[in-house]
Each structure stands twice: as C-alpha cells, then as structure tokens.
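Fold and geometry: a report
Listed below are the residues making up each chain.
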Amino acid sequence: MLSENLKWYFPSSLPQAVKLIQKPGIILHAGGTRILKTQSKNIIGLVDISNLKLNYIKSKTNSFHIGAAITFNELIKYSKENNCLKMLAAALSQAASTPLRNRITIGGSLKDFPLWSNLYAPLIALNAMMEIKGNKSGIYSVEEYVSEGMIKSKHIIKEIILPRKEEFAWKVMRFALLKFEYPLFNIAISLKLNGKMIDDSRLVITGVRNRFKRFKKAEKFLIGKNLSLNLLNEIEKFVEPKFVSDYKYSSSYKETIAKVYFKDLLSEIIKENL
Ligand SMILES: Cc1cc2nc3c(=O)[nH]c(=O)nc-3n(C[C@H](O)[C@H](O)[C@H](O)COP(=O)(O)OP(=O)(O)OC[C@H]3O[C@@H](n4cnc5c(N)ncnc54)[C@H](O)[C@@H]3O)c2cc1C
C-alpha cells in the first residue's frame, strides 16, 4: 500500500524536478505501472512528469530524439504514421497489453529495467544513446547507463537518441509460453549489410543474469563474413546466454530455448537477404 500521506509535486522544469528527487522517498511518476505494482511504503512523494515537456519525438537529419514521457503506444503510432523506427516499434508492440502500453513510458521503462523489458534489447542492438539530468548529467549509451551503474543514481531521463539507420536487417522477439505471461527473455539482432557481406552486427538478449548480454564474440565473428546458412553452425559456440532458475523454469531450459531462437532469428535474416 502506498502511504496515505503521499505528496504529489507538479514541477514545470527539469531543474525543479531534479531538485525534488534528491530528497529521500521522493521519486518520479511517469506511467505509474511499476509504482502501482510495487506500492512501496518508502515512497513519500511523487513527482509528476507531465509538465516537463518530455512528450515529443523529433526527427533530425541523422537521428531521432524520443522524449522520456512518450508511451510505448505513442511510439508505435508514430512509427506507423512516419514509416520509421520499425525495429523499436515491433519490439514494443509485443509488450504487455494495449491499456498498459498506453501508460508505460520510455523513461519509466528505462529506469525500471524489469527482467521482462521489451525496450532494452532493441535499444542496445541499435546502439541508442540517452540524455540524463541530475548528479551524472550527460549523454551516455544505453549500454553504459546500465553497465556503469548510472541507472542507480538519482536522475531524470530526458530522451533517447537513436541513430537514423534504416538500411539494416533486424529481428526482435519476446519469448513467453503464454502471451499474457511476462516473457522469459527478449532478443534483438541487427546486421548492417553491404550487399551480401555483414559490415556490422549486434546481438542482444535481456532477461538473463546481469540483466543483458551482448554476444560480442559472435558479433566479431560475423563481421566481414558473407551471408550463408553455414554461419549458423559456427556461431552456436559464441552464443551462451546465462539465466537464473525461477519458480517455473530452470536456467538450463531457458538457455536451451534462447539458443534455439537466436539461431532461428539469424537464419530468418540470412534467408531474407540471400
Ligand atoms: C502486468 C504488467 C505486465 C507488463 N509487461 C511488460 C512487458 O511485457 N514488457 C515491458 O517492456 N514492460 C512490461 N510492463 C511494464 C514494466 O513492468 C514497468 O511497469 C514499466 O516499464 C514502468 O514504466 P512506467 O512509465 O509506468 O514507469 P513508473 O511506474 O511511473 O516509474 C517506474 C520507475 O521509473 C522512474 N522514472 C519514471 N520516469 C522517469 C524518467 N523520465 N527518468 C528517470 N526515472 C524515471 C520512477 O521514479 C520509478 O522508479 C508490464 C507491467 C505490468 C504491470
């Protein structure tokens, strides 16, 4: 249960909001889907983000800037209307349910980073950057934000910045045995192709131990290779996701399934581009 004396704040600027969240027990409220689920008694104040002007998607020459208050469904709609951001939109459209996607925001989802996140894998595969305001103000890659521990600091996510690169091959997938269950993992693969040759590759999984894993050896192995189904057998040894067992599924079950899906997704990309 949330505290009965919970106080709401409605700042109209980022500096005001940053100042408010420095106080113990005062946190930002975006979609509220995580806050409502956990209902922590330690929360004494909620800072509403609606007046912070973070509800935008800007299309620039080399990048897209997506404000932290954009919801999953707003991004999906923008993607359809403007024929862009397809990989991210495909991943987010698999998340939760329509009412939840109308609430879940990019910023809340990044700060929260649940095991079942649909957002992280495509963002890391797309080498997305993000701007944060607070103790560690700056622009960081999404990968650094998690691995360097910025995620734990008191800050406000202002926006994510995605390089505008439409000419790559990609696949995303969310694995859950039942559609309405939390997924066990999410996979995102992006390959930059130069004809039949792989110029760059990023292979990412979330839901694993340490939150996410980029298979850097596999990525390196693929670069400079020509597309061929023979790559699938060779790449297998570089894709070793490590999971934690839970009340329902063992780590080895998840590891086996994830490896199968990696291979399947890669095989689809190769067949579509041969
Ligand atoms: C039943 C259910 C199923 C779900 N299934 C999925 C799924 O399949 N895939 C998926 O990706 N997600 C799913 N989610 C959503 C996920 O679990 C989180 O609830 C969601 O990511 C939180 O986003 P929010 O905008 O609601 O954030 P909030 O609940 O408002 O906030 C979450 C945290 O982020 C902080 N925060 C909010 N905005 C910012 C900001 N701009 N900068 C810094 N910190 C901020 C808050 O202070 C809080 O600590 C599901 C949620 C539910 C309830």
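Just so it is clear, the model here is predicted, and its values are computed rather than measured. (Residues numbered from 1 in each chain as written. Predicted model: local features only at pLDDT ≥ 70, side-chain atom pairs only at ≥ 80, totals over all residues. Heavy atoms only, no water.)

**Concerning the site of the ligand**
We apply this condition: Residue proximity to a molecule or strand is established when one non-hydrogen atom of the residue lies within 4 Å of it. The definition of a polar contact used here is a pair of N or O atoms within 3.5 Å, where within protein one atom must be able to donate a hydrogen and the other to accept one, and adjacent residues in sequence count solely through side-chain atom pairs. The method behind every accessible area is Shrake-Rupley, applied with a 1.4 Å probe, and residues are considered shielded solely by the protein chains displayed. Helix and strand labels come from DSSP, where a helix needs a run of H or I of at least four residues and a strand needs a run of E of at least two; each type is numbered from the N terminus. Note on residue classes: Ala, Val, Leu, Ile, Met, Phe, Trp, Tyr, Cys and Pro are nonpolar, Asp, Glu, Lys and Arg are charged, and everything else, Gly too, is polar.
Close to the ligand lie 31 residues, the nearest being L28, G32, T33, T105 and N118. The backbone of G31 places a nitrogen or oxygen atom 3.0 Å from an oxygen atom of the ligand. One of the side-chain N or O atoms of S109 is found 3.4 Å from an oxygen atom in the ligand. In isolation the ligand has 990 Å² of accessible area, and contact with the protein removes 90% of it. For the shell around the ligand, the secondary structure elements donating two or more residues are β2 (26-29), α2 (33-38), α6 (106-112) and β8 (155-163). Grouping the constituent residues of the shell around the ligand by class yields 16 nonpolar, 11 polar and 4 charged.

**Side note on the sheet that holds strand β10 (residues 185-194)**
Here is the rule we go by: The pairing criterion is simple: DSSP has to find at least two bridges between the two strands. The angle between two axes is taken between their N-to-C directions and runs from 0 to 180 degrees, where each axis is a line fitted to C-alpha atoms and a helix contributes only its stretch in contact.
Ordered in space as β9-β10-β11-β12, the 4 strands form an open sheet in which the pairing is antiparallel. Either end of the sheet is taken by a strand with one partner, and the two such strands are β9 (168-175) and β12 (211-214). Taking the axes of each pair of neighbouring strands and ignoring which way they run, one obtains an average angle of 10° across the sheet. Where strand β11 (residues 197-208) meets β12, 4 bridges bridge the pair, whose relative direction is antiparallel. Note on β12: the bridge partner recorded for V208 is R211.

**Focus on the domain arrangement of the protein chain**
Selection criterion: Domain ranges listed in this record stem from an automatic or a database domain assignment. When checking whether two residues touch, look at their non-hydrogen atoms; a contact exists if any pair is within 4.5 Å. Two parts placed together each lose some accessible area; with a 1.4 Å probe, that loss summed over both constitutes the buried area. Should a side-chain nitrogen of Lys or Arg be within 4 Å of a carboxyl oxygen of Asp or Glu, the pair is scored as a salt bridge.
If you check the domain split of the protein chain, you get domain 1 (7-52), domain 2 (57-163) and domain 3 (168-273). For domain 1 and domain 2, the distance between their C-alpha centroids amounts to 19 Å. Between domain 1 and domain 2, the contact holds 14 residues from the first and 14 residues from the second. Between domain 1 and domain 2, the buried area comes to about 1,200 Å², and carbon and sulfur atoms account for 67% of it. Our enumeration of links across domain 1 and domain 2 arrives at 1 salt bridge. Residue D112 pairs with R34 through a salt bridge whose shortest N-O separation is 3.0 Å. The interface formed by domain 1 and domain 2 includes 3 residue pairs in polar contact (both at pLDDT 80 or more).

**Concerning helix α11 (residues 251-273)**
Applied cut-off: Residue count minus one, scaled by 1.5 Å, sets the expected span of a helix.
Under the 1.5 Å per step criterion, the end-to-end length of α11 is 33 Å for 23 residues, consistent within 8% with the ideal 33 Å. If you follow the buried residues of α11, they end up packed against β9, β10, β11, α9 (216-222) and α10 (231-235).

**Considering the pairing of β10**
Heads up, the rule is: The classification of residues rests on relative accessible area computed with a 1.4 Å probe and restricted to protein chains. Under 20% of the type maximum is buried, over 50% is exposed, and intermediate values are partly exposed.
Most of β10 is tucked away: 8 of the 10 residues are buried. Taken together, the 9 bridges between β10 and β11 define a ladder with antiparallel strand orientation. Looking at the pairing, K192 lines up with D200 of β11.

**What about the nonpolar core?**
What counts, and what does not: What we call a nonpolar core is a set of buried Ala, Val, Leu, Ile, Met, Phe, Trp, Tyr and Cys residues that are connected through their side-chain atoms within 4.5 Å.
By size, the foremost hydrophobic cluster in this structure holds 58 residues, and its most contacted members are I66, I106, L110, Y120, L123, Y145 and L162. Here Y145 is in contact with L110, K111, Y120, M130, I132, M150, I151, H155 and I157, once residues within four sequence places are set aside. By size, the runner-up hydrophobic cluster in this structure holds 31 residues, among which are F175, I205, F221 and A258.

**A word on the pairing of strand β5 (residues 63-67)**
Among the 5 residues that make up β5, 5 are buried, leaving the element largely enclosed by the rest of the structure. Going residue by residue along β5, you find S63, H65 and G67 tucked away on one face and F64 and I66 tucked away on the opposite face as well. Note: strand β4 (residues 57-59) against β5, 3 bridges, orientation antiparallel. Counted as the bridge partner of K58 is H65 from β5. Of the strand pairs in this sheet, β5 and β8 are connected by 5 bridges, and their pairing is antiparallel. Considered in β8, the bridge of I66 is made with I160.

**Looking at the side chain of N118**
Here N118 is to be found in the loop between α6 and α7 (120-125). Classification of N118 by relative accessible area gives buried; the value is 5%. Polar contacts involving the side chain of N118 include one to the side chain of N186, which spans 3.1 Å. Discounting chain neighbours no more than four positions away, the residues touching N118 are A91, L92, Q94, A95, R174 and N186.

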